[in-house]
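Reading the structure
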Number of protein chains: 2
Amino acid sequence: MYRNFDELLAQIRSSADKKRVAVAAAHDHEVLECAVMAKREKIAEFILIGKEKETREILTVLGENPDDWKIMDEPSDAKAARTAVSLAHSGQADALMKGLLHTSVFLKALFDKEYGLIPAGSLVSQITVSEFPSQNRLVLITDCAVNVAPEYGDKVKIIKNAVSLAHRLGMDCPRVACITPVEVVNPKMPSTIDAAMLSKAGERGQISGCVIDGPLTLDNALSVEAAQTKHISGSVAGNADILLIPDLCAGNVLDKALRYFAQLKTGSAVVGANVPIIMTSRSDSAINKLHAVALSVI
Amino acid sequence: MYRNFDELLAQIRSSADKKRVAVAAAHDHEVLECAVMAKREKIAEFILIGKEKETREILTVLGENPDDWKIMDEPSDAKAARTAVSLAHSGQADALMKGLLHTSVFLKALFDKEYGLIPAGSLVSQITVSEFPSQNRLVLITDCAVNVAPEYGDKVKIIKNAVSLAHRLGMDCPRVACITPVEVVNPKMPSTIDAAMLSKAGERGQISGCVIDGPLTLDNALSVEAAQTKHISGSVAGNADILLIPDLCAGNVLDKALRYFAQLKTGSAVVGANVPIIMTSRSDSAINKLHAVALSVI
């Protein structure tokens, strides 16, 4: 189990088999900065798809020899996205990264049925992985960026996606906390209804590979003391590995708080497709972008 | 303007005029611990209403001479709450504090029209005040505990309540950020609609004593860099004093994240009544409870 991003990066660095990330519309300073860092740190190899001339110029500015990179000239954003997706489809790329193109153009190629990257019945969701220094471990928080107002069925899929990443991070049976504003069932608060249903579905084996509990407030989920004060027992309270956040408002605020108030090291993963997706935000720090690449290749 | 809680506590300590806090159902170890600390720190005086014998015993355990305290024997929770409220109504107490009784019993007395503590048209709301160390200042976050799903009109009142506290904290014209998951207007995300309306209402003078901007994500609101990356101008972006959170799910998660991930010093205020209300949670640390008292008497 990785306790922090440095441990995760060290493990990936030591692996002989480097994963290949196909970047759609790679001709962007920030995107290439991240790729250069990841390559130098031996985290991943890259296939850069986009405007070749600009890509080579930026690589040179970043102190790289462009001839050391695999570059595919494709000036059209839509075609660059399709090329990246087809490389993933044919097994020539292990992960996809969004470069300098509109999210909608990137997603259109990703969801194109021709390539079948989205399995039937699956849901694409986002996970923020954050270091939790006071307990020296990683915590997964989902969904902070993609699903606006997930319903019960969506939440089941969001949990499954997160459990899958947690397993890859070495958590054998991750503890999932369904986060709500109160720790009791309240029919007027839909998030507490979903939490009760998800807990029971976990007990009944409808969601496997994890232990689920909720409704739990964030402090109940992360602090054993706070959970004891409220007389909440069970293995999840105080020790949650995965925090299921009820909606995007709450997820986004929490995600941002971790970086701007707590200044924690985080990484973002987009999961649910047949290959991991890297979609970083321009305002992410370089190191958090590197963590996103690491999460996609682990 | 107070940059942190220590400055706030120092100012209150130096004031000759000590405010009187009436505590309803004071016979509780944690509540009295907070009162003892506040009295020793010269933050406030207290009127302890509740079971007198138990109250005196706990005070003794806490190293106090019960005779130094104003105690009113009232074993009934409902009557203790009514007594506290009537003291505030008659001007004999400056603030109210909830002790060991059900919130509903406490609120029933507070909202009793006989005492008129809730002005017509006003809304009771909660504000978390947090230190923001990287900018060496205080930030107000509202509502993290009381209003579940405030509508536009409620949000106007929540902002007014927060602006009033901000003024008392020395912020002449606080900058209010309406927090949303995206920084653009999106008719499918109601929080962005409210944010646009609140911004414009601020410009038109319908909400005064502050500057309002939104929709803004948390990072746009608190980081000048993040705001610049998104090309957001204006005086609020990156420098928000007040964060209006769209609903309780998001507010509660943010409030808890500040304490459990960021381990920041915070204090909670319940405002909108004619007197400040102190309602701390059992899981609050002693120092954060002291901050709540300080916020009620400033």
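Remember, predicted model here, so these are calculated numbers, not experimental data.

What follows concerns the overall build of chain A. Counting its secondary structure elements, chain A contains 11 helices and 11 strands. For the C-alpha atoms alone, the extent of chain A along its principal axes is close to 60 × 40 × 30 Å. Residues counted as buried form 58% of the 298 residues belonging to chain A. Within chain A, counting contacts between residues at least 6 apart in sequence, those at least 24 apart form 70% of the total. A distance of 2 Å separates the average location of the 32 positive side-chain charges in chain A from that of its 35 negative side-chain charges.

Attention now moves to unusual backbone geometry. In this structure, the amide linkage connecting Thr142(A) to the following residue, Asp143(A), adopts the cis form with an omega of 5°. In this model, Gly214(B) is joined to Pro215(B) through a cis peptide bond whose omega is 0°. With respect to the secondary-structure elements, Pro215(B) resides in strand β8 (residues 211–216). For Asn136(A), which is not glycine, the phi torsion reads 50° and is therefore positive. Even without glycine at this site, Ala25(B) takes up a positive phi of about 60°.

Considering all chains together, one arrives at four aromatic pairs over all chains under this definition. Plain terms: the ring middles of Phe46(A) and Trp69(A) are 6.2 Å apart, the flat faces sit at 35° to each other, and that makes the pair tilted. Note that Phe46(A) is positioned in strand β2 (residues 45–50) and Trp69(A) in the loop between α3 (52–61) and β3 (70–73), a separation of 23 residues in sequence. Both residues of the pair, Phe46(A) and Trp69(A), count as buried. Taking the centre distance of 4.9 Å and the plane angle of 50° together, the rings of Phe261(A) and Phe132(B) count as tilted. With Phe261(A) in the loop between α10 (248–260) and β10 (266–271) and Phe132(B) in strand β5 (residues 125–132), this pair bridges two chains.

It is common to give the size of an interface as the accessible area lost on bringing the parts into contact. Counting from both sides, the interface comprises 37 residues of chain A and, opposite them, 37 residues of chain B. Summed over both sides, the interface between chain A and chain B buries roughly 3000 Å², with carbon and sulfur atoms accounting for 80% of that surface. On the surface where chain A and chain B come into contact, there are two salt bridges. A salt bridge links Asp219(B) to Lys256(A), with the shortest nitrogen-to-oxygen separation between them at 3.4 Å. Applying the counting rule to chain A against chain B returns two residue pairs in polar contact (both at pLDDT 80 or more). Residue classes in the side of chain A that touches chain B are distributed as 22 nonpolar, 10 polar and five charged.

Once that is clear, we can look at helix α10 (residues 248–260) of chain B. Residue and element names in this part refer to chain B. Between its first and last C-alpha atoms α10 spans 18 Å; for 13 residues at 1.5 Å apiece the expected length is 18 Å, and the two agree. Among the 13 residues of α10, 13 are classified as buried, and the element is accordingly described as predominantly covered. The residue sitting at the N-terminus of α10 and contributing the capping side-chain oxygen is Asp247; that oxygen lies 3.2 Å from the backbone nitrogen of Cys249.

Attention now goes to the pattern of salt bridges. All names here are of chain A. Tallying each qualifying case throughout the model produces 36 salt bridges over all chains. Its salt-bridge partner being Glu183, residue Lys230 comes within 3.5 Å of it at the nearest N-O pair. Note that Lys230 is positioned in the loop between α9 (224–229) and β9 (242–244) and Glu183 in the loop between β7 (175–179) and α7 (190–203), a separation of 47 residues in sequence. According to the relative accessible area criterion, Lys230 is partly exposed, its value standing at 37%. Between Glu203 and Lys200 there is a salt bridge, and its shortest N-O distance comes to 2.9 Å. Within this pair, Glu203 and its partner Lys200 are both found in helix α7, separated by three residues, close to a single helical turn. A relative accessible area of 57% means that Glu203 is categorised as exposed. Among the charged side chains, a salt-bridge network with shared partners connects Glu52, Arg56 and Asp67.

With an RMSD of 0.0 Å, chain A superimposes on chain B once it is rotated by 180° and translated 0.0 Å along the axis. Both copies are brought into coincidence by an operation consistent with a two-fold rotation axis. Taken together, the interface assignments show that 100% of the residues at the interface of chain A recur at the interface of chain B, consistent with an identical surface on both copies.

Below, the discussion takes up the confidence of the model for chain A. Confidence in the prediction of chain A, expressed as mean pLDDT, is 95, and 100% of residues score 70 or more. Our summary of model confidence lists the complex with pTM equal to 0.87 and ipTM equal to 0.79.

The next thing to look at is the packing of helix α2 (residues 29–40) of chain A against helix α11 (residues 286–297) of chain A. Residues and elements named next belong to chain A. Here α2 crosses α11 at 65°, and the two axes come no closer than 9 Å. Handedness of the α2/α11 crossing: right-handed. Of α11, the residues touching α2 (which contributes Glu30, Cys34, Met37 and Ala38) are Ala286, Lys289, Leu290 and Val293. Residue composition of the contact of α2 with α11, grouped by class: six nonpolar, no polar and two charged.

All names here are of chain A. With 13 residues, helix α4 (residues 77–89) extends 18 Å from end C-alpha to end C-alpha; this agrees with the ideal 18 Å at 1.5 Å per step. What α4 keeps buried is the set Ala80, Ala81, Thr83, Ala84, Val85, Leu87 and Ala88. N-cap assignment for α4: the residue whose side-chain oxygen lies 3.4 Å from the backbone N of Ala78 is Ser76.

Turning our attention to the side chain of His27(B). Tracing the chain through its elements places His27(B) in the loop between β1 (20–24) and α2 (29–40). A polar contact is formed between the side chain of His27(B) and the backbone nitrogen of Lys51(B), at a distance of 3.0 Å.

Residue and element names in this part refer to chain A. Secondary-structure assignment places Ser199 in helix α7. With relative accessibility at 8%, the residue Ser199 sits in the buried group. Aside from chain neighbours lying at most four places away, what touches Ser199 is Ile212, Asp213 and Gly214.

Conventions used here
- Residues numbered from 1 in each chain as written.
- Chains lettered and ligands numbered in written order.
- Predicted model: local features only at pLDDT ≥ 70, side-chain atom pairs only at ≥ 80, totals over all residues.
- Heavy atoms only, no water.
- Helix = DSSP H or I, 4+ residues; strand = E, 2+ residues; numbered from the N terminus.
- Buried < 20%, exposed > 50% of the residue type's maximum accessible area, 1.4 Å probe, protein only.
- Contact = heavy atoms within 4.5 Å.
- Lys, Arg positive; Asp, Glu negative; His and termini not counted.
- Charge placed at Lys NZ, Arg CZ, Asp CG, Glu CD.
- Phe/Tyr/Trp six-rings, centres within 6.5 Å; stacked < 30°, edge-to-face > 60°.
- Buried area = accessible area lost by both parts, 1.4 Å probe.
- Salt bridge = Lys/Arg side-chain N within 4 Å of Asp/Glu carboxyl O.
- Polar contact = N/O pair within 3.5 Å; in protein donor to acceptor, adjacent residues only side chain to side chain.
- Nonpolar A, V, L, I, M, F, W, Y, C, P; charged D, E, K, R; others polar.
- Expected span 1.5 Å × (residues − 1).
- Least-squares fit on C-alpha atoms with pLDDT ≥ 70 in both.
- pLDDT = per-residue confidence, 0-100.
- Axes fitted to C-alpha atoms, helices over the stretch in contact; angles between N-to-C directions.
- Left-handed = near helix turned anticlockwise from the far one by under 90°.

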